[in-house]
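# Examining the three-dimensional arrangement
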Amino acid sequence: MIIVALTEAALLLLAENQQSGSLLTSPALWRILNLLIFVLILVWILRSKVRIGQVFDRRAAAIVKELEQARREKEEAQQRLAEVEARLARLDEEVAQIRAEAERESRREIERIERAAEADAEKIKQTAQREIEGAMKAARTELRAFVAEQSVAMAEAMIRREIRPEDNKRMLDKYLDELREVNK
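Values in this document were obtained by computation on a predicted structure and should not be read as measured data. (Residues numbered from 1 in each chain as written. Predicted model: local features only at pLDDT ≥ 70, side-chain atom pairs only at ≥ 80, totals over all residues. Heavy atoms only, no water.)

## What to know about the overall build of the chain
Here is the rule: Numbering of helices and strands runs from the N terminus; a helix is a DSSP stretch of H or I covering at least four residues, while a strand is a stretch of E covering at least two. When accessible area is computed with a 1.4 Å probe and restricted to protein chains, residues below 20% of their type maximum are described as buried, those above 50% as exposed, and intermediate ones as partly exposed. A 1.4 Å probe and the Shrake-Rupley method give the accessible areas. Residues count as covered only by the protein chains that appear here.
Along the backbone of the chain there are 4 helices and 0 strands. Going from N to C terminus, the chain has its helices and strands arranged as α-α-α-α. Counting every position in the chain, which comprises 184 residues, the buried fraction comes to 6%. Total accessible area on the chain stands at roughly 16600 Å², and carbon and sulfur atoms take up 61% of it.

## Topic: helix α3 (residues 52-162)
Here is the rule: A helix is expected to reach a length of 1.5 Å times the quantity of its residues less one. Two axes are fitted around each residue, one to the seven residues ending there and one to the seven starting there, and the angle between them is reported as the bend at that residue.
Given a rise of 1.5 Å per residue, 111 residues ought to cover 165 Å, and the 155 Å separating the end C-alpha atoms of α3 matches this to within 8%. Its axis deflected by about 35° at Arg90, α3 carries its strongest bend there.

## Points about the confidence of the model for the chain
Stated formally: The pLDDT value expresses, per residue, how confident the predictor is, ranging between 0 and 100.
Confidence in the prediction of the chain, expressed as mean pLDDT, is 83, and 85% of residues score 70 or more. Ranking the helices and strands of the chain by mean pLDDT puts α3 first, with 89, and helix α1 (residues 2-20) last, with 64.

## Notes on the pattern of salt bridges
Put simply, the rule reads: In the sections that follow, a salt bridge refers to a side-chain nitrogen of Lys or Arg positioned within 4 Å of a carboxyl oxygen of Asp or Glu.
Taken as a whole and assessed by the stated rule, the structure comprises 8 salt bridges. One salt bridge connects Arg180 with Asp177, and the closest N-O pair in it is separated by 3.3 Å. A residue pair is termed a helical-turn pair when its members lie 3 or 4 positions apart in one helix, as Arg180 and Asp177 do in helix α4 (residues 165-183) at 3 residues. Among the charged side chains, a network of salt bridges with common partners joins Glu68, Arg71, Arg72 and Glu75.

Below you can see the structure in the form of structure tokens.
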């Protein structure tokens, strides 16, 4: 394509120079021929030695491959984004479920603590009742002992006040008679 364009330009220049003079002495013609030869050599080197067509083909294939890879990565990213958005949409539900479960667990724990407190209170009540009953028995025993002691003291005081020496003699005689009868 470049060669065709250069050839056409050279032919136009030649046509102009033919009108003005000799073709071989025209410096413009030689410049065009030099440029044409340079371009032909450059094209030959690029095609045969550098294999520019293969370079461009490989580069084009690499670009196509990179574009395909980018398309796949974009699709994967969009899929992950959709998953994250769906999870975020469910996040409020999950938070509500976790909160409801925590409240249920809290109520169950409160009920368990209340039952344990009631059981402990009942144990304390029973222990206190047993202690009260034990204290009452001890107080009754002490009271009986005190009453008996006081009764004996009162009886002794009454006896001392009311017994005269003759009553004393009479009781002693009676006691001795009883002893004699037992010894017989």
